[in-house]
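Residues per chain are reported as follows:
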Amino acid sequence: MTIVENRKAPHDYFIEDRYEAGIALEGWEVKAIRAGRAQLKEAYVIVRNEELFLIGAHISALPTASTHVQPDPVRTRKLLLHAEEIRRLIGKVDRAGYTLVPLDLHYVRGRVKLNIGLAKGKKQHDKRAAEKDKEWSREKQRLLRARG
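Residues numbered from 1 in each chain as written. Predicted model: local features only at pLDDT ≥ 70, side-chain atom pairs only at ≥ 80, totals over all residues. Heavy atoms only, no water.

Counting residues in hydrophobic clusters, the biggest one holds 29 residues, and the most contacted among them are Leu52, Leu79, Leu105, Leu114 and Ile116. Residues contacting Leu105, with those up to four places away along its chain left out, are Met1, Thr2, Ile3, Val4, Ile23, Ile33, Ala38, Leu40, Val112, Lys113 and Leu114. (Core = buried A, V, L, I, M, F, W, Y, C linked by side-chain atoms within 4.5 Å. Buried < 20%, exposed > 50% of the residue type's maximum accessible area, 1.4 Å probe, protein only. Contact = heavy atoms within 4.5 Å.)

Below, the structure is given as structure tokens:
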């Protein structure tokens, strides 16, 4: 079940591969995510010391759940993947000019997971072409509905 989605990612990037990662969260963050107070709009994933970190994801604290801690809504959160997956991702990011983009937060058996995409950035003309294709498919659907 999807909690929050990064809708700008498919618009700005060609997503070539998807990985599911766990996230190291604190208790107040889990409660806030369950209440739907998470946002991935400006978030990105970086590699540091052979580890992956989610930066810029905004999780607003609930006023009731975080009375005894000082919550930092945009703190850096560690992503949890198998070592082999991390090595493969590091190789692609370093050599092939890929970037890692958070796609969505979702639940798997009660745990909060993050889908990250191995992506290449789109140029402006690619974005325009994708928009044109989307509009044409909408127009086709309208024409087919009007006919039938």
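Below, the discussion takes up the pairing of strand E5 (residues 51-55). With four of five residues buried, E5 is to be regarded as a mostly interior element. With five bridges joining them, strand E4 (residues 44-48) and E5 adopt antiparallel strand pairing. Residue pairing across strands places Val45 opposite Leu54, the latter belonging to E5. In this antiparallel pair of consecutive strands, E4 and E5, the connection spans two residues, and Asn49 shows a positive phi of 55 degrees. By the bridge criterion, three bridges tie E5 to strand E7 (residues 77-80) in an arrangement that is antiparallel. If you follow Leu52 over to E7, its bridge partner there is Leu79. (Helix = DSSP H or I, 4+ residues; strand = E, 2+ residues; numbered from the N terminus. Pairing = 2+ DSSP bridges.)

Another aspect to go through is the packing of aromatic side chains. As enumerated under the stated definition, the model contains zero aromatic pairs in all. Between the NZ or CZ atom of Arg48 and the centre of the ring of Phe53, over which it lies, the distance is 5.2 Å. (Phe/Tyr/Trp six-rings, centres within 6.5 Å; stacked < 30°, edge-to-face > 60°. Lys NZ or Arg CZ within 6 Å of the ring centre and 35° of its normal.)

Let us now look at the layout of surface pockets. Volume-wise, the largest pocket comes out at about 180 Å³. Lining the largest pocket we find Glu5, Asn6, Arg7, Ala9, Pro10, His11, Ile15, Arg18, Leu103, Asp104, Asn115 and Lys134. Secondary structure elements with two or more residues in the lining of the largest pocket: helix H1 (9-12), strand E2 (13-23) and strand E8 (99-108). (1 Å grid on protein atoms, 1.4 Å probe; cavity = no way out; pocket = protein on both sides within 12 Å on 5 of 7 lines; lining within 4 Å. Points joined across faces, edges and corners; volume = space filled by probe spheres on them.)

One non-glycine residue, Asn49, adopts positive backbone phi at about 55 degrees. Relative to the elements of secondary structure, Asn49 occurs in the loop between E4 and E5. The class for Asn49 is exposed, based on a relative accessible area of 68%. Located in the positive-phi region is Arg109, a residue other than glycine, with phi close to 50 degrees. For Arg109, the position within the fold is in the loop between E8 and strand E9 (111-121).

Mapped onto the elements, Arg75 comes out in the loop between strand E6 (58-59) and E7. Of the polar contacts made by the side chain of Arg75, one reaches the backbone oxygen of Ala24; its length is 3.3 Å. Setting aside anything within four residues of it in sequence, one finds Arg75 in contact with Ala24, Leu25, Glu26, Glu29 and Leu54. (Polar contact = N/O pair within 3.5 Å; in protein donor to acceptor, adjacent residues only side chain to side chain.)

As far as function goes, none of this settles anything; it's purely spatial.
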